[in-house]
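Here's the letter readout for the chains.
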Amino acid sequence: MILPEDCIREILEQLSEDKRTLYSCLITNRTYCQFVVPILWRNPWPTFNSLTNELERIYWKILGKTIIKCLTLETKQKLSKQFQIYLNPSLLQKPLFNYVSYIQIIPVGVINQLIRNNFEEIINYNNGEQLEQIFNKEFWELFIKQCKIKSLEIPNFNIFEYPESKIHLSSLSILKIFISYPKEMIIELSKNVHTLKRIEIFLIYIYEDTMNDIENLFISQKNLKEINFMFIAGQKFIFNNKKSIDYLSNSLKILELCSCICLSANIISSFINLTELKIFYHISLYHDEGIEILSNVILPKLEILSLVNVKGEHLSIFTKLIENTKGSLKILYIHIQKSSPIPSSSIDYYFNIIKSTCPNIEVLPIWLISVFYLKNFEDLLISCPKIRKIIIHFKSIFTPNNNFIPIDIVLAKPILILLSLKSSIHLNNIHLIGRWSFSSLDLQEFFELWKEMKRKPLKFVFNNNIYSHYIIRVCEYYHQKGVIKKGTINYTTPCTYYDDVCTTTMDILSL
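Residues numbered from 1 in each chain as written. Predicted model: local features only at pLDDT ≥ 70, side-chain atom pairs only at ≥ 80, totals over all residues. Heavy atoms only, no water.

The chain carries the name F-box domain-containing protein in an unreviewed UniProt entry, which gives Rhizophagus irregularis as its organism.

Caption draft 1: Representation of the environment of serine 259 in the model. Residue position: serine 259 is located in the loop between β6 (254-258) and α12 (265-270). Take serine 259: its relative accessible area is 5%, and that puts it in the buried class. Sequence spacing of serine 259 and aspartate 288 is 29 residues, and the spatial spacing of their C-alpha atoms is 8.1 Å. (Helix = DSSP H or I, 4+ residues; strand = E, 2+ residues; numbered from the N terminus. Buried < 20%, exposed > 50% of the residue type's maximum accessible area, 1.4 Å probe, protein only.)

Caption draft 2: Fine view of the environment of histidine 287. Note that histidine 287 resides in the loop between β7 (276-280) and β8 (304-310). Judged by its relative accessible area of 30%, histidine 287 is partly exposed. C-alpha of histidine 287 to C-alpha of serine 259: the two residues are 28 residues apart in sequence and 6.4 Å apart in space.

Caption draft 3: View of the packing of aromatic side chains. A complete count under the given rule lists 17 aromatic pairs for this structure. A connected cluster of aromatic rings, assembled from ring pairs, spans Phe446, Phe447, Trp450, Phe460, Tyr477 and Tyr478. One cation-aromatic arrangement involves arginine 455 over tryptophan 450; the distance from NZ or CZ to the ring centre is 4.3 Å. (Phe/Tyr/Trp six-rings, centres within 6.5 Å; stacked < 30°, edge-to-face > 60°. Lys NZ or Arg CZ within 6 Å of the ring centre and 35° of its normal.)

Caption draft 4: Quick look at the side chain of asparagine 228. One can find asparagine 228 in strand β5 (residues 226-231). Residue asparagine 228 is classed as buried on the basis of its relative accessible area of 5%. In this structure the side chain of asparagine 228 is engaged in a polar contact, spanning 3.2 Å, whose partner is the side chain of glutamate 256. If we skip the residues at most four places from it in the chain, asparagine 228 touches Arg198, Ile199, Glu200, Ile201, Glu256 and Cys258. (Polar contact = N/O pair within 3.5 Å; in protein donor to acceptor, adjacent residues only side chain to side chain. Contact = heavy atoms within 4.5 Å.)

Caption draft 5: Summary view of the pairing of β6. Of all 5 residues in β6, 5 are buried, a share of seventy percent or more. Pairing geometry for β5 and β6, over 5 bridges, is parallel. Residue pairing across strands places methionine 230 opposite cysteine 258, the latter belonging to β6. When β6 meets β7, the two strands line up parallel, connected through 5 bridges. Considered in β7, the bridge of cysteine 258 is made with phenylalanine 280. A crossover connection joins β6 to the parallel β7 through α12; in handedness this β-α-β unit is right-handed. (Pairing = 2+ DSSP bridges. Right-handed = clockwise from strand over helix to strand, strands pointing away.)

Caption draft 6: Quick look at the nonpolar core. Among the nonpolar cores identified, the biggest contains 153 residues, and Phe218, Phe229, Leu263, Tyr350, Phe377 and Phe447 are the most heavily contacted of them. Sorting elements by how many residues they give to this core places helix α7 (residues 128-146) first, with 8 residues. The contact partners of phenylalanine 229, leaving out residues within four places of it in the chain, are Ile201, Leu203, Phe218, Phe237, Phe239, Leu255, Glu256, Leu257, Cys258, Cys262 and Leu263. Membership of the second largest hydrophobic core comes to 5 residues, among which are Ile331, Tyr333, Val363 and Ile433. (Core = buried A, V, L, I, M, F, W, Y, C linked by side-chain atoms within 4.5 Å.)

So, in structure tokens, the structure goes:
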């Protein structure tokens, strides 16, 4: 039986994120190749830290040569004759596919990478700055004229000097822009691009008229759903146009604040249809300016709240924000900096608010500091009947005098029993993070009880700093029995649970 081409195309589209499989499909036959090449070339750039330095350099060279082939013959001849740049005869040939026409995502740094890895020697030998500008112009012209761009990081010049840009940016979905870029370009974007669903704004050197232009860019969009404000020290974004606030209050679904709270509580609260809020801090550039305003933010439709690399001392502020969601919250990610202790009073407050105001919570992180929290923990499990994933941290605490309380390990057995007997029927994902202590018998009893209660197959993630073969053997056994479906055991590096990435792991599936 031969599948129709439409079915083959749809199957390959479903594999669009699985590049390894797509590469293997390239050599299946001509039909597969014709469908796979456009998918792979939508975003052909190597991801950050995906390759070693040497492999990355080779990748950029090969990628660059393929893109150079897509330059027009006239451009290639101009480079050879006018600027005395020798191009290998193979680069003068027409490529099998017009690969560049399939590109949809263009980060601004890719052109610098293409130039550096393919023309660095020529630039160093000749008038470097002038030649670099020429290559930069030729690559941008190629992309603007041939790509139907969906995601673009705007360069620091007015790309609308290319007439084709008005056509090829007409379906742009994601825009990344520095607020300090030329005013004329922001105005042109408002005039010519109306399809943006996401805007990422780098806040640097803010001026009032620039903020007005950005607000006009917001208003000019037909379906703007997401905004990410990326902060650079001390900057605030002030809305001056009531029309833009009214527009965003209806359209905006996702708001991201990177490294600082750059909006007022009233402005954030005005986005009444917001369903997701993400606040992310870089550990090396931590600015807690404005963080206290979050306790005054009210978002009655918020379903997802992500707080990444925050400090434990601010947990009470975040808890007030959780309280102000009025029960709508479903997914909660809180990643507290490793060396940042949490006041015990903040943990008490957090438990009470989750129990009283989060009946719909499905993904929940909690912190336990002693067995005295068992009753609180049991009450919380009963109060949250929809939990499907729970992340339980064993965390150091400090007293009001900032003195650490030295608790080395915590017994896991009573926690595991409560999870088996009292938790939501939907729970199928458990993460234990910290110095948990249990014997092989404790673990076996937990898995047997889970099986006896006819609970869903479990994803079990365990992070500890003490290596022990018995945990692996027990998990292997219950994986074979179908009690565990998958999971990760990590003994060296704390788990960044919000994306389930661990640096040194033993995957239960591979045992």
